[in-house]
Amino acid sequence: MAKKTKSNIKENQSINKKESKKKEENKKKVIEEEEELEEISTSKKKPTPKKQSIINKKSTQKKEKQTLKKVKNKTKKEEEEEESKEEKISEKEEEEESKEEKKDSISEEKEESEEEEEKSEEDSKINKDNIKKSKSRIEKTQKAIESLTKPKKTSVIYVGHLPWGFDEKALYKYFSQFGTINRLYNPRSTLSGRSKGYAFIEFLDEKTAEIAAKTMNNYILFDRILKCNVIEDKSKYDNMFKNAKKQFVFNDKYKKLLEKQEKEQSKEEIKIKIDTLLKREEIKREKMKEEGFNINFPGYKSIVEEYKKSHNIGEKKNKGNTKKIESVKKKEKIKGKK
């Protein structure tokens, strides 16, 4: 509608310009005719019939033009009124359209503002949740740091710089004078089985542990200065007492090795050992030949041969074999004669 009204206004303006030009031309013609009439009236001479007829025609034409002008003025006024009405209507329509556009724009702005508010509310909720999570994480980390930094009193005592031979039984008897012992752990080396020179003792009460640590710290025992302290963190000693209830059994590996060597072996085991030694010796001799060393050294082979000769192991077997062969030959001869 707005585009149509603008095009109509432009057309009306062009029409008005054309009409104004025509009016100016008509005015000029009228002024010229009036001047001619005045000249005729001022002149003393009477006009000729031709001129009179011309004057009459012009006067009639003038009257007609005046009437036409009046009619045209009326029509123009009516047209102008219609145009003004149309313009007013178009203006009203434009105003209504502008109002509708404003309403639409306002509604769109409201929707956008509502959407933005919803988004902002969602973002604020997410931010709040993140802040809560971050706060909870920060609180957890702070608590963990405080738990690490703050000393926790425990009923466990560390005893260091122990003298030689001061094992679990001696520790239990000696430290039971301060109070009842719950657990005791004396770590030992896996190779030798000796104690590592320190121990952990757990009492039932924290006060007894503090008293024992104070009294036995820097105490001389068998030319050794003991070092005793209360352990503050539980996390360090919870896994220590797993093997506390197990009784220590000394693993004498050297003794086991001697027992294995001194153990009587069966004939089959001896044969297997001798065969393995002879095979290894043969492999060594072959490698020596490949490399160009022709050395005949007495090895396990010579020892085995000497042992067989001394005990007559190979001869008895040969004698038995020869007797069997002779008996078989005799049987064959008898069959052949028959």
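All figures in this text were calculated on a predicted structure; none of them were measured in a lab.

Q: Where do I start with the sheet that holds strand 4 (residues 227–230) in this structure?
A: As summarised here, the arrangement of the 4 strands in space is 2-3-1-4, forming an open sheet in which the pairing is antiparallel. With partners counted over all chains shown, the strands left at the sheet margins are strand 2 (181–185) and strand 4, one partner each. Neighbour-to-neighbour, the strand axes of the sheet open up by a mean angle of 20°, direction not taken into account. Here strand 1 (residues 156–160) runs beside strand 3 (residues 198–203); their pairing, made up of 5 bridges, is antiparallel. When the sheet's bridge partners are listed, G160 is paired in strand 3 with Y198. Packing of helix 3 (residues 168–175) onto the sheet brings it into contact with strand 1, strand 2 and strand 3, and relative to strand 2 it is tilted by some 150°. Along the sheet, helix 4 (residues 206–216) makes contact with strand 1, strand 3 and strand 4, crossing strand 4 at roughly 155°.

Q: Can you help me understand the pairing of strand 3 in this one?
A: Successive side chains on a regular strand alternate, one facing one side of the sheet and the next facing the other. Extensive coverage of strand 3 is indicated by the burial of 5 of its 6 residues. Two elements, strand 2 and strand 3, share 4 bridges in a ladder whose sense is antiparallel. Looking across to strand 3, one finds that R183 is bridged to E202.

Q: Just to check I follow, could you spell out the packing of aromatic side chains for this structure?
A: Each pair of aromatic rings is reported with the distance of its centres and the angle of its planes. Summed over all chains, the structure comprises 6 aromatic pairs. Pairing Y158 with F200 gives two aromatic rings, centres 5.7 Å apart and planes at 50°, and the pair type is tilted. Here Y158 is found in strand 1, whereas its partner F200 is found in strand 3, with 42 residues between them in sequence. The class for Y158 is partly exposed, based on a relative accessible area of 29%. Geometrically, the ring pair formed by Y198 and F200 is edge-to-face, given 5.9 Å between the ring centres and 85° between the ring planes. Accessibility expressed as a relative area gives 26% for Y198, which makes it partly exposed.

Calculation criteria
Every chain's residues receive numbers from 1 upward, in the order its sequence appears when written. Owing to the predicted nature of the model, reporting of local features is limited to residues with pLDDT of at least 70; listing and counting of side-chain atom pairs is limited to 80 or more, with chain, interface and lining totals taken over all residues. Working from all heavy atoms in the structure, the side-chain values ignore hydrogens and water. Two strands are said to pair when DSSP picks up at least two bridges between them. Only DSSP runs of H or I covering at least 4 residues are called helices, and only runs of E covering at least 2 are called strands; the numbering of each starts at the N terminus. Only the stretch in contact is used when a helix axis is fitted, and all axes are lines through C-alpha atoms; the angle between N-to-C directions ranges over 0 to 180 degrees. Any two residues whose heavy atoms approach within 4.5 Å at even a single point are treated as in contact. Each residue is assigned to one of three classes by its accessible area relative to the maximum for its type, calculated with a 1.4 Å probe on protein chains only: buried under 20%, partly exposed between the two thresholds, exposed over 50%. For Phe, Tyr and Trp, where Trp contributes only its six-membered ring, two rings pair if their centres lie within 6.5 Å, and the inter-plane angle classes them as stacked under 30 degrees, edge-to-face over 60, or tilted in between.

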